Amino acid sequence: MACMKLGSKPEAFHLDGQTLLCSTGLPSDVIIEVGEMSFHLHKFPLLSRSGVIENLIGESSGEDERNCILQLHDIPGGAKTFLLVAKFCYGVKIELTALNVVSLRCAAEHLQMNENFGEGNLVSQTENFLNEVFGDWTDSLKALEACEEVLPHAEELHIVSRCINSLAVKASADPSLVGWPESGGEAAQSPVGTVLWNGILTSSNPHPVSDDWWYEDVSCLKLPMYKRLILAVESRAMRPERISGSLMYYTKKYLPLMGRQSSFQNGNRAALGSTVSALSDADQRNLLEEIVELLPDQKGVTSTKFLLRLLRTSMLLHASPSCRENLEKRIGAQLDQAVLEDLIIPNLGYSVETLYDIDCVQRILDHFMLVDRDVTDSTNCIVDEAQLMVGSHSLTRMTMVANLVDGYLAEVAPDVNLKLQKFQSLAAVIPDYARPLDDGIYRAIDIYLKAHPWLTDSERELICRLVNCQKLSLEASTHAAQNERLPLRLIVQVLFFEQLRLRTSIAGWFFVSDNLETSQDPSGNLALPRRSTTQDEIVAVDDMRERVSELEKECLSMKKEIEKLVTTKRSWNIFCRRLGFRLKPNSSGPKASNNAKASPSSTTPLLNTSQNQHSGKLV
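Cut-offs applied
Residues numbered from 1 in each chain as written. Predicted model: local features only at pLDDT ≥ 70, side-chain atom pairs only at ≥ 80, totals over all residues. Heavy atoms only, no water. Helix = DSSP H or I, 4+ residues; strand = E, 2+ residues; numbered from the N terminus. Buried < 20%, exposed > 50% of the residue type's maximum accessible area, 1.4 Å probe, protein only. Contact = heavy atoms within 4.5 Å. Areas by Shrake-Rupley, 256 points an atom, 1.4 Å probe, with all protein chains shown as cover. Pairing = 2+ DSSP bridges. Axes fitted to C-alpha atoms, helices over the stretch in contact; angles between N-to-C directions. Core = buried A, V, L, I, M, F, W, Y, C linked by side-chain atoms within 4.5 Å. pLDDT = per-residue confidence, 0-100. Expected span 1.5 Å × (residues − 1). Phe/Tyr/Trp six-rings, centres within 6.5 Å; stacked < 30°, edge-to-face > 60°. Parallel < 35°, antiparallel > 145°, perpendicular 65-115°, else oblique. Left-handed = near helix turned anticlockwise from the far one by under 90°. Nonpolar A, V, L, I, M, F, W, Y, C, P; charged D, E, K, R; others polar. Disulfide = S-S within 2.5 Å.

**Some details on the overall build of the protein**
Phase 1: Each helix and strand counted, the protein has 30 helices and nine strands in total.
Phase 2: By residue count, 43% of the 619 residues in the protein fall in the buried class.
Phase 3: Put simply, 71% of the contacts in the protein that link residues at least 6 apart link residues at least 24 apart.
Phase 4: Of the roughly 32800 Å² of accessible surface on the protein, a fraction of 52% belongs to carbon and sulfur atoms.

**Remarks on the sheet that holds strand 4 (residues 30–34)**
Phase 1: With mixed pairing, the five strands of this open sheet are ordered in space as 2-3-5-4-6. Two strands bound the open sheet, and with one partner strand each, they are strand 2 (13–16) and strand 6 (69–71). Within this sheet the neighbouring strands show an average axis-to-axis angle of 25°, counted without direction.
Phase 2: Taken together, the three bridges between strand 4 and strand 6 define a ladder with parallel strand orientation. For Ile31, the partnering residue across the bridge sits in strand 6 and is Ile69.
Phase 3: Sitting on the sheet, helix 3 (residues 78–90) touches strand 2, strand 3 (19–22), strand 4 and strand 5 (37–41), and the angle it makes with strand 5 is about 10°.

**Here's the deal with the nonpolar core**
Phase 1: Among the nonpolar cores identified, the biggest contains 150 residues, and Ile32, Leu41, Phe82, Val102 and Leu335 are the most heavily contacted of them.
Phase 2: When residues in this core are grouped by element, the largest group, nine residues, is from helix 21 (residues 397–412).
Phase 3: Look past the residues within four positions of Val102 in its chain and what remains in contact with it is Leu130, Ala143, Ala146, Cys147, Val150, Ala154 and Ile159.

**Quick look at the confidence of the model for the protein**
Phase 1: In the predicted model, the protein carries a mean pLDDT of 77, and the fraction of residues at 70 or more is 68%.
Phase 2: Element-level mean pLDDT values for the protein span from 34 in helix 30 (residues 604–611) up to 96 in helix 4 (residues 101–110).
Phase 3: In this model residues 379–394 is a low-confidence stretch, pLDDT under 50, and it forms 18 contacts with partners more than four residues away in sequence or in other chains.
Phase 4: Scored below 50 in pLDDT, residues 521–533 shows five contacts in the model against residues more than four places distant or in partner chains.

**Considering helix 5 (residues 122–133)**
Phase 1: In a regular helix each residue adds 1.5 Å, so 12 residues correspond to 16 Å; helix 5 covers 16 Å between its end C-alpha atoms and thus fits that length.
Phase 2: Buried positions along helix 5 lie against strand 1 (3–6), helix 3, strand 7 (94–97), helix 4, helix 6 (137–146) and helix 8 (159–172).

**Considering the environment of Asp366**
Phase 1: Of note, Asp366 is situated in helix 18 (residues 358–371).
Phase 2: Spatially, the C-alpha atoms of Asp366 and Val429 are 7.6 Å apart, while their sequence positions differ by 63 residues.

**A few points about the pairing of strand 3**
Phase 1: Judged by which residues are buried, strand 3 turns out to be one-sided: Leu20 and Cys22 face inward and are buried, whereas Thr19 and Leu21, on the alternate face, are not.
Phase 2: Sheet analysis places strand 2 next to strand 3, joined by four bridges and oriented antiparallel. Considered in strand 3, the bridge of His14 is made with Leu21.
Phase 3: Adjacent in sequence and paired antiparallel, strand 2 and strand 3 are bridged by two residues, among which Gly17 carries a positive phi angle near 70°.

**Side note on the packing of aromatic side chains**
Phase 1: Throughout the structure, instances matching the rule amount to seven aromatic pairs.
Phase 2: Seen from their ring centres, Tyr226 and Tyr250 are 3.9 Å apart, and the 5° between their planes marks the pair as stacked. Separated by 24 residues along the polypeptide, Tyr226 in helix 11 (residues 223–235) and Tyr250 in helix 12 (residues 240–254) bring together distant segments of the chain.
Phase 3: Given the relative accessible area of 0%, Tyr226 is considered buried.

**So, the packing of helix 23 (residues 439–451) against helix 24 (residues 457–464)**
Phase 1: For the pair helix 23 and helix 24, interaxial distance at closest approach is 11 Å and the crossing angle is 160°. As the angle between them shows, helix 23 and helix 24 are arranged roughly antiparallel. The hand of the helix 23/helix 24 crossing is right-handed. Note on element contacts: helix 24 touches helix 23 through Arg460, Ile463 and Cys464, opposite Ile445, Tyr448 and Leu449.
Phase 2: Here the residues of the contact of helix 23 with helix 24 sort into five nonpolar, no polar and one charged.

**Quick word on the state of the cysteines**
Phase 1: Taken as a whole and assessed by the stated rule, the structure comprises zero disulfides.
Phase 2: Free cysteine Cys469: the closest other cysteine sulfur is in Cys464, separated by 8.6 Å.

What follows is the structure, given as C-alpha cells:
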C-alpha cells in the first residue's frame, strides 16, 4: 500500500482523558473542541496554515484571549482527522495512506488549507498523494471505502467518481496485458522468477489471470458504491458475462439464502455468508431488487439456476411485484436451460391451495412460448421414426422445455389439492410436435390419476386426451395396456396402434427378406457378405415374431378382462355403445385385413385380432 510521510519533528502530543495536550513547553492559548475531544493548542501554527481557523481566531480576538475556545464539530473525519491536521500544522511526522488521505483531503478543503496560507499546504499534499493512490487497484479500493465516512464532502470534491473511474478502468482492462493487480496479502509476496529490468520489477513466468479476479475485492463495497461501479464498468463495454458473474458473487455473499448455494469452485471463496454480518429483511429486499435491475438484459448471460433461486428468495423476502415479474420474464426467455429441481418452487402465498407455485411456473412457461413463437413456427416439423427410436430429446429448445414440463408435472401430480384445470392448462401449453415421445406426459397423467382416484370418467377421458397413443414407446404402451386407471377407450387405442406398428414393422422385414431372395445368383448361392446379412435378417424376423406372439397373448388377456367387465353390465350392447364400436362376427383373415385398411382409426380391427388369436392368424 502506498504511503507518504510528511513532517520531521517528533511526537509532541499526549492524550489525557478526552483532552489532547501539546508538550512544546509553551502554555496553550486556544482550545479547539471537536466532538467530545478538546485540543489545547497554540494559535500561530494553526492560523498560519488554515484560513478558517484564522477567521475564527480573528472573530474571538475581542474576547478574553486566555480563554479562546473554538468549535469545529463539523470538520470532516472528526477528532481523529483533526489530530492529523494539528500535527501537520506543527510539523510533526505523519503518514498519509489510502485509508486516511480522503478524510484529510476533505478536512483540508473545509479548513481552507491551500497555497494562500503556505507553500506545500495540506490541500496540495493530499491531492498529489491521491493521484498516486488512483494508480493502484488496492489503494483505489481502500480510498473508495474511506469515502463512506465523509461522503458528502468526497462527492463535492469528486473523489468518489475518481475512485470509481480508476477501478472501472482497471477491471475492464485485459489483466494479461496490464499485469496482475496485486491485492491483499498477495502484494507482500514476491513471485518466483522475478526479474529487475530498467528499475521495474517484473515476473519471468506470469501466472494466468481469470476474468473473475476482481469479484471478491469489489464485494466489500456497500451497495450504493458497488452499484455505481457496476454501471461504470458497463459503460466501458465490459462483457456482460463478467458483469453478471460479479453480481452473482455479490448477491451470494450478502443474501444468506443465496450464499448457501454458492457454485464457485475456489476453495478460498467458500462459506462467504459466514464472515458477513446478516442484513435485515428490508435491507436484503432492497439489495435483491437493486441486483435484479443491474443484471444484464442479454439472454443466457446469467445462469437460469441463479435466476430461479433469486426468484424463490424474492418470494421469501416479499419483493415488489415488478421485481418478481422481471425475474419471471428473464427465466422464461431461457427456460430451456433450467433444471427440474430448481423449478420446484414452494407455494409461499397467503392463500396456499397447492404445495407448489403452479401459477408462477405457468407464467414463466407462457413467457417462454411468447419469446419462442418465431422459432417455434420455423421448426414446426414432423419428427421421423428414426429419431424416435434413438430417443432424440434435444431437437429444439421447445423439445427441451417439453421434457422439463413433463418432469415438473410428474413432480407436482401427487398433490391432492392440484386441480384438474391447472394440470391440464400447464400440460396443454406444449405443442404436440415438441414431444418426440409422449412417455413423459403419460407418466405424469398416470401419477395424477393415482393421486386423484375420485375423478369421474369424463374427467379421466379429458385429461387422457393429452396423450398421443401413436407416440408411446413399447414400454409405455405395455404399461398402458395393463393400467386399470386409464379409460377403456384409451386402452383400446393403445392396443390398436401397437398392433398397427408391429404389422408395419413385420411387413418391412418380409419385404427386405423377399428382396434378398431375389438377389441370389443363378447357382443359388449368396456371396459371403450377403449370407451374413441374410442370417441377421432372419434373426431379426424371429425376434419380431416373438414380439407378435407376446402381443397376441396380451390382447387375449385384455379381451378376457374386458369380458369380465362386460358381465357386470346389463347387456353387451350397452357396453359396445360406450366404447363407440360394434362387434362383428368372426370372419376370415383377408376380409378382416381389408376392414383394417379401410378404417385404421377404428378399434374394430383390434377386436377382430383378439377373436382370431385362437386360429393363430395376425389381422
